[in-house]
Amino acid sequence: MATKSAMNWITLWASFMFAIILGFSRLSYGMFLPGIQRVIGGSYGQLGILGTVNFIGYLIGTLCLSPLIGRFPDFKPTINRMACLLLGLALIGSAFSYNFAQLGLWRFAIGLLSAFATVLVLSIALDTVRAAERGLASGLIWLGGSAGILVTGLFAPVTIDPSHVQGWRYAWIAMGVLGVIAAFGFEYATRKRGADNSVFQIESSPSNEKSETVYLLLFNPKRLLFLIAAYFFFGWGYIIYFTFIIPYLVSRGLPSLNAGLIWSGIGLAGLFNGWIGGKAIDRWPSGYTLALGLTLGTIGVMGVTANHMIYTVLGAVIIGLVSFIAPPLMTTALLRRHVPHQAYASCLSVATSFFASGQIIGPIVGGVVVQRFGLQFGVASSAIFMAIAAALAGLYGFQQRKLELEEKCETRRQIAKIKRQPL
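Quick summary incoming for the structure in this document. Each residue is numbered by its place in its chain's sequence as written, counting from 1. Thresholds applied to this predicted model are a pLDDT of at least 70 for local features of residues and 80 or more for the giving and counting of side-chain atom pairs; totals over whole chains, interfaces and linings are not thresholded and use all residues. Each side-chain value is worked out from all heavy atoms of the structure, with water and hydrogens disregarded.

**Observations concerning the overall build of the chain**
Counting from the N terminus, the helices are the DSSP runs of H or I reaching at least four residues and the strands are the DSSP runs of E reaching at least two. What the chain contains, in helices and strands, is 18 helices and 0 strands. Radius of gyration: C-alpha atoms only; globule rule: 2.2 Å multiplied by the number of residues to the exponent 0.38. Against the globule reference of 22 Å for 423 residues, the chain gives a C-alpha radius of gyration of 21 Å, in line with a compact fold. Seen through its principal axes, the chain has C-alpha atoms that stretch 90 × 45 × 35 Å. Looking at the chain as a whole, 57% of its 423 residues qualify as buried. For this analysis, residues touch if any pair of their heavy atoms sits within 4.5 Å. Put simply, of all contacts in the chain between residues at least 6 apart along the chain, 87% involve residues at least 24 apart. The rule is simple: take the accessible area with a 1.4 Å probe, protein chains only, and divide by the maximum for that residue type; under 20% is buried, over 50% is exposed, in between is partly exposed.

Take a look at the structure:
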């Protein structure tokens, strides 16, 4: 099948799916925490553990996906459609949780299913796009997550306000219904374009050889190790911020509508972030580009330390604008550029598992910090890990540039050697 431009129906439905995968199924939990606490009870530390349970499911899903599609290569499209559909249904199911055990089970299932959907939806969609536009396509897909954040913020008056105790349940039901619609829409678009076979039949190399290629690429300091490490610490840092920023704002006495508008503001800024980040990584496909966004995000997080709501809001907008969607989409695009086609799905799955590991650790560490030092310090602690991620991304950019210079020198030597040979 001929490749398409970044803007096509598969990309658009993939973006809708990412609104479900990221904005609704994963990050809506942070927005709903005040309402959930009023109904189910528990401290923010305990509720943070339920966030960790979600990412444990996400990690298990990423670890299982690669061997699963290696064992059943002909069932990859089926795995994707089932994961997307069940994800929407699991969101509806989670709305009927009445204790920690029930909600924990649903959060685990949602994490597991969203891991499958993240990798497979992204892999299917990007393979329909011309190579030169895959960064932009990644941006369009990931900005769906920003749109999900924006919509979630609009639910704030019925999910945070104490007068609507059960509001978070109705919001999750609505999100689940949209998830089912998105699953059917993406399936229809891929079937219409015949994308299923074109994406997956190419990936037919022996599983042992593929696994060896994946680990040689990802864990080689001269290749992708620093990029994967940056992705890990970004997952650790950003999830602390998104888990505890709304509880922090509510604790400061901010009205629920205003808190929701700030949350939506992050999502609105993220819509531009997806476009800007995609364009930037197509124009400058370097770890330095990623490091710049992470550095600005670190500065944005530090806005909560100013004890002034204006700086907190400006920091949230900066995070949405440059370092919420951009790091995942840039990592996705950089992997797509620097790994063989047949190993891409496996490399993305392993990279996502490191991202998930960071997200597992983040809520635990953040919950402990919040319990000991308060919500403000807990939110601010995410800046530490964002800064580490920025430094590692910079190291990846340096190593990447060094490798490019070595390859150019080697090419020149080969050309000079050929010219010296007698005719």
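**So, unusual backbone geometry**
Phi is mostly negative for residues that are not glycine, and the peptide bonds are mostly trans. Within the chain, Asn-307 stands out as a residue other than glycine whose phi angle is a positive 55°. For Asn-307, the location among the structural elements is in the loop between α13 (287-301) and α14 (309-322).

**Notes on the packing of aromatic side chains**
Classification of ring pairs rests on two measures: the distance between centres of Phe, Tyr or Trp rings, Trp counted by its six-membered ring, which must be within 6.5 Å, and the angle between planes, read as stacked under 30 degrees, edge-to-face over 60 and tilted in between. According to the stated counting rule, one finds 16 aromatic pairs in the structure shown. Ring centres 4.4 Å apart and planes at 0° place the aromatic pair Tyr-231 and Phe-355 in the stacked group. Linking Tyr-231 in helix α11 (residues 225-251) with Phe-355 in helix α16 (residues 344-373), this pair joins segments that are 124 residues apart in sequence. In terms of burial, Tyr-231 and Phe-355 fall into one category: buried. On the basis of an interplanar angle of 80° and a centroid distance of 5.7 Å, the ring pair of Phe-242 and Trp-263 is categorised as edge-to-face. In this pair, Phe-242 sits in helix α11 while Trp-263 sits in helix α12 (residues 256-283), placing the two residues 21 residues apart along the sequence. Like Trp-263, Phe-242 is buried. Note that Arg-26 overlies the ring of Tyr-58, its terminal NZ or CZ placed 4.5 Å from the centroid. Cation over ring: Arg-169 sits above Tyr-98, and NZ or CZ is 4.2 Å from the ring centre. Any Lys NZ or Arg CZ found within 6 Å of a ring centre and within 35 degrees of that ring's normal is scored as a charge over the ring.

**A short note on empty space enclosed by the protein**
Throughout, the protein atoms alone are placed on a 1 Å grid, and a set of points is a cavity if a 1.4 Å probe fits but cannot get out or a pocket if it is open with protein on both sides within 12 Å along at least five of seven lines; lining residues have an atom within 4 Å of a point. Grid points are joined across faces, edges and corners, and a volume is the space filled by probe spheres set on the points. Applying the stated criterion across every chain, the model contains 3 cavities of 30 Å³ or more. One number sums up the size of the largest cavity: a volume of about 90 Å³. Lining the largest cavity, in full, are Arg-26, Leu-27, Tyr-29, Gly-30, Gly-51, Asn-54, Phe-55, Arg-107, Ile-239, Phe-242, Thr-243 and Pro-363. For the lining of the largest cavity, the secondary-structure elements that each account for two or more residues are α2 (28-40), α3 (44-71) and α11. Three residue categories are used. Nonpolar comprises Ala, Val, Leu, Ile, Met, Phe, Trp, Tyr, Cys and Pro, charged comprises Asp, Glu, Lys and Arg, and polar comprises the others, including Gly. Class assignment for the residues of the lining of the largest cavity results in 6 nonpolar, 4 polar and 2 charged.

**Section: the packing of α2 against α11**
Under this scheme, a helix contributes an axis fitted over its contacting stretch, all axes are lines through C-alpha atoms, and angles between N-to-C directions fall in the 0 to 180 degree range. Between α2 and α11, the shortest axis-to-axis distance is 7 Å and the interhelical angle comes to 40°. Classified by the angle between their axes, α2 and α11 sit oblique to one another. Here the hand of the crossing between α2 and α11 comes out right-handed. Between α2, through Gly-30, Met-31, Leu-33 and Pro-34, and α11, the contact on the second element is made entirely by Phe-242, Thr-243, Ile-246, Pro-247 and Val-250. Of the residues that constitute the contact of α2 with α11, the class distribution is 7 nonpolar, 2 polar and no charged. Working definition: roughly parallel below 35 degrees, roughly antiparallel above 145 degrees, roughly perpendicular at 65 to 115 degrees, and oblique for all remaining angles. In this scheme, a crossing is called left-handed if the near helix is turned counterclockwise away from the far one by less than a right angle; it is called right-handed if the turn is clockwise.

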